[in-house]
2 protein chains.
Amino acid sequence: MEASEIYKCIADPQRLRILNLLEAGPLCVCHMQEILEVPQVKMSKQLSSMKQLGLLKAHREGTWMIYKLVDPVEGLITANLCYLREAACAECNQLQRDLTKREKLILKVTKIDNDCPQEVCQQITCC
Amino acid sequence: MEASEIYKCIADPQRLRILNLLEAGPLCVCHMQEILEVPQVKMSKQLSSMKQLGLLKAHREGTWMIYKLVDPVEGLITANLCYLREAACAECNQLQRDLTKREKLILKVTKIDNDCPQEVCQQITCC
DNA sequence: ACAATATATACTAAAATTAGTATATATCAT
DNA sequence: ATGATATATACTAATTTTAGTATATATTGT
């Protein structure tokens, strides 16, 4: 994968936020949608472009599609997420807030709604 | 400066190469042009967009315009150049080759042509 | 004042990216 | 088979980015 392709990808704040979320663990489309507050089409298209690029893979669980980072994670991605988490900028705060929102959402859909893909809720200490 | 703006900038291989060159020291437009082998218009436009973004600054020395990175260099740029120099990919090799080409060119214009901006040739051990 | 060199800008055409609406597909529960 | 939910795709319109040609400006040397 070319560095320039990766940069083009993370040059879009939304795509960067997706990578940030997925680094913490797999997620299904609708949950990412809820965290980022974007229309379904947009989310779906961005995910598919990132999958095509080779950064993400997906599999189905029921009606859900679970997306995750390919393993091993592209080093350039890791390095930049790592940098941005330390840094102090508007975008960086957003990334942190997304992670918090992710935690809460997974807890909710797991414990309260009891309606969460296996692979996602497995991440919770007590599921 | 927003991270996404910086990523958009370095998503263009040519702009990345410019930053890579300038991290080694200031250069005038025509020398960068020669190293990267691009038409004058393109070089000029890319430089001006990067200056506008706030990554570069420029001053005149005779008919030359000398460009350099603003000080302090944007951390995200430094981190990425650093990463790419260590990495093994086509783009990374290009960056190395550019630096070598830069060394040779500066030596030539300084010692042989004797036609080099002060600030550029000052970098040479013996000028 | 004039020519040469280095660089920048205006303008236009071409290409790439993004966004939106509608529609399609897959899976599950009834 | 039908309806509901989650997701993907086709198509189009709008926007942004890039590239190219021509021209302008600034500086220097004659």
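Further up the page is the structure itself.
Residue numbers restart at each chain and count upward from 1, following the sequence in its written direction. Here chains are named by letter from A upward and ligands by number from 1 upward, in the order in which they appear as written. Only residues with pLDDT of 70 or above have their local features reported here, since the model is predicted, and side-chain atom pairs are shown and tallied only from 80 upward, although totals for entire chains, interfaces and linings are computed over all residues. Side-chain numbers come from the whole structure's heavy atoms, not from hydrogens or water.

Visitor: Now, about the overall build of chain A: what can you tell me, with residues and values included?
Guide: The secondary structure listing takes helices from DSSP runs of H or I that are at least 4 residues long and strands from runs of E that are at least 2 residues long, numbered from the N terminus. Per the secondary structure count, chain A includes 7 helices and 3 strands. Radius of gyration here uses only the C-alpha atoms, and the compact-globule reference equals 2.2 Å multiplied by the residue count raised to the power 0.38. Its C-alpha radius of gyration of 14 Å places chain A within 12% of the 14 Å reference for a compact globule of 127 residues. Along the longest, intermediate and shortest principal axes, the C-alpha atoms of chain A span 40 × 30 × 30 Å. Burial statistics for chain A: of 127 residues in total, 45% are counted as buried. Contact criterion: two residues are considered in contact whenever any of their non-hydrogen atoms come within 4.5 Å of each other. For chain A, the proportion of contacts with a sequence separation of at least 24, taken over those separated by at least 6, is 60%. Only the protein chains shown count as cover for residues, and all accessible areas are computed by the Shrake-Rupley method using a 1.4 Å probe. Of the roughly 6,500 Å² of accessible surface on chain A, 51% is carried by carbon and sulfur atoms. Across chain A, the centroid of the 16 positively charged side chains sits 4 Å from that of the 16 negatively charged ones. Throughout this description, buried means an accessible area under 20% of the type-specific maximum (1.4 Å probe, protein chains only), exposed means over 50%, and partly exposed covers the range between. For this count, His and the chain ends are skipped, Lys and Arg are scored as positive, and Asp and Glu as negative. Note that the charge is assigned to NZ on lysines, CZ on arginines, CG on aspartates and CD on glutamates.

Visitor: Break down the relation of the copies chain A and chain B for me, citing the residues and quoting the values.
Guide: The copies were overlaid with a least-squares fit restricted to C-alpha atoms from residues scoring a pLDDT of at least 70 in each copy. Superposing chain A onto chain B takes a rotation of 180° plus a shift of 0.0 Å along the axis, which leaves an RMSD of 0.0 Å. Within this description, the copies of the chain are treated as partners about a two-fold rotation axis. The C-alpha atom lying nearest the rotation axis in chain A is that of Tyr7 of chain A; the distance is 2.7 Å. A shared interface surface links the copies, since 100% of the contact residues of chain A are contact residues in chain B too.

Visitor: Requested: an account of the protein's contact with DNA strand D, with residues and values cited.
Guide: We define proximity as follows: a residue is near a molecule or strand when any one of its heavy atoms falls within 4 Å of that partner. Around DNA strand D, the structure places 19 residues, and the nearest of them are Cys30, Gln40 and Tyr67 of chain A together with Lys42 and Lys45 of chain B. Taken together, the sugar and phosphate atoms account for 59% of what DNA strand D places within 4 Å of the protein. Contacts described as polar in this section are N or O atom pairs within 3.5 Å, which, within protein, must combine one atom able to donate a hydrogen with one able to accept it, while residues neighboring in sequence count only if both atoms come from side chains. Side-chain polar atom of Gln40 of chain A to a base nitrogen of DNA strand D: 2.8 Å apart, as the coordinates give it. In this structure, Lys45 of chain B approaches DNA strand D through a side-chain N or O atom, which is 2.5 Å from a base oxygen. Of all the secondary structure elements, the ones that give two or more residues to the surface near DNA strand D are helix H3 (29-36), helix H4 (40-53) and strand S3 (64-69) of chain A together with helix H4 (40-53) of chain B. It is H4 of chain A that contributes the most residues to the surface near DNA strand D, 4 residues altogether. Any residue outside Ala, Val, Leu, Ile, Met, Phe, Trp, Tyr, Cys, Pro, Asp, Glu, Lys and Arg is labelled polar, Gly included; the first ten of those are nonpolar and the last four are charged. Split into classes, the residues belonging to the surface near DNA strand D amount to 8 nonpolar, 5 polar and 6 charged.

Visitor: Account for the protein's contact with DNA strand C, naming residues and giving values.
Guide: Taken together, 19 residues form the shell around DNA strand C, and within it Lys42 and Lys45 of chain A together with Cys30, Gln40 and Tyr67 of chain B come nearest. Contact between DNA strand C and Met65 of chain B: a phosphate oxygen at 3.1 Å from a main-chain N or O atom of the residue. Secondary structure elements with two or more residues in the surface near DNA strand C: H4 of chain A together with helix H3 (29-36), H4 and strand S3 (64-69) of chain B. For the surface near DNA strand C, the leading source of residues is H4 of chain B, giving 4 residues. Here the residues of the surface near DNA strand C are counted per class, giving 8 nonpolar, 5 polar and 6 charged.

Visitor: Break down the sheet that holds strand S2 (residues 56-61) of chain B for me, citing the residues and quoting the values.
Guide: All names here are of chain B. Pairing between strands requires that DSSP locate at least two bridges from one strand to the other. Reading across from one edge, S1-S3-S2 is the order of the 3 strands in this open sheet, with antiparallel pairing throughout. Each edge of the sheet is formed by a strand with only one pairing partner; in this case those strands are strand S1 (27-28) and S2. Along the sheet face, helix H2 (residues 13-23) touches S1, S2 and S3 and points at about 90° away from the line of S3. The sheet strands contacting H4 are S2 and S3, and the helix crosses S2 at an angle near 120°. Each axis is a line fitted through C-alpha atoms, and for a helix only the stretch in contact is used; angles between axes span 0 to 180 degrees, taken between their N-to-C directions.

Visitor: Residue-level account of the packing of helix H1 (residues 3-10) of chain B against helix H5 (residues 75-86) of chain B, with values.
Guide: Residue and element names in this part refer to chain B. The geometry of H1 relative to H5 is characterised by a closest axis approach of 10 Å and an angle of 40° between their N-to-C directions. As summarised for this structure, H1 and H5 are arranged oblique, according to the angle between their axes. Pair H1 / H5 crosses with right-handed handedness. Counting all contacts with H1, which are made through Ala3, Ile6, Tyr7 and Ile10, the residues of H5 involved are Leu76, Ile77 and Asn80. For the contact of H1 with H5, the per-class residue count stands at 6 nonpolar, 1 polar and no charged. For this classification, under 35 degrees means roughly parallel, over 145 means roughly antiparallel, 65 to 115 means roughly perpendicular, and everything else is oblique. Definitions for this section: a left-handed crossing has its near helix turned counterclockwise from the far helix by less than a right angle. A right-handed crossing has that turn clockwise.

Visitor: Pulling in residues and values, what's your account of the pairing of strand S2 (residues 56-61) of chain A?
Guide: All names here are of chain A. Where S2 meets S3, 6 bridges bridge the pair, whose relative direction is antiparallel. By the bridge assignment for S3, Leu56 is matched with Leu69. In sequence, S2 turns back onto S3 through a hairpin of 2 residues, with Gly62 there showing a positive phi of about 65°.

Remember, this is a structural readout, not a statement about activity or role.
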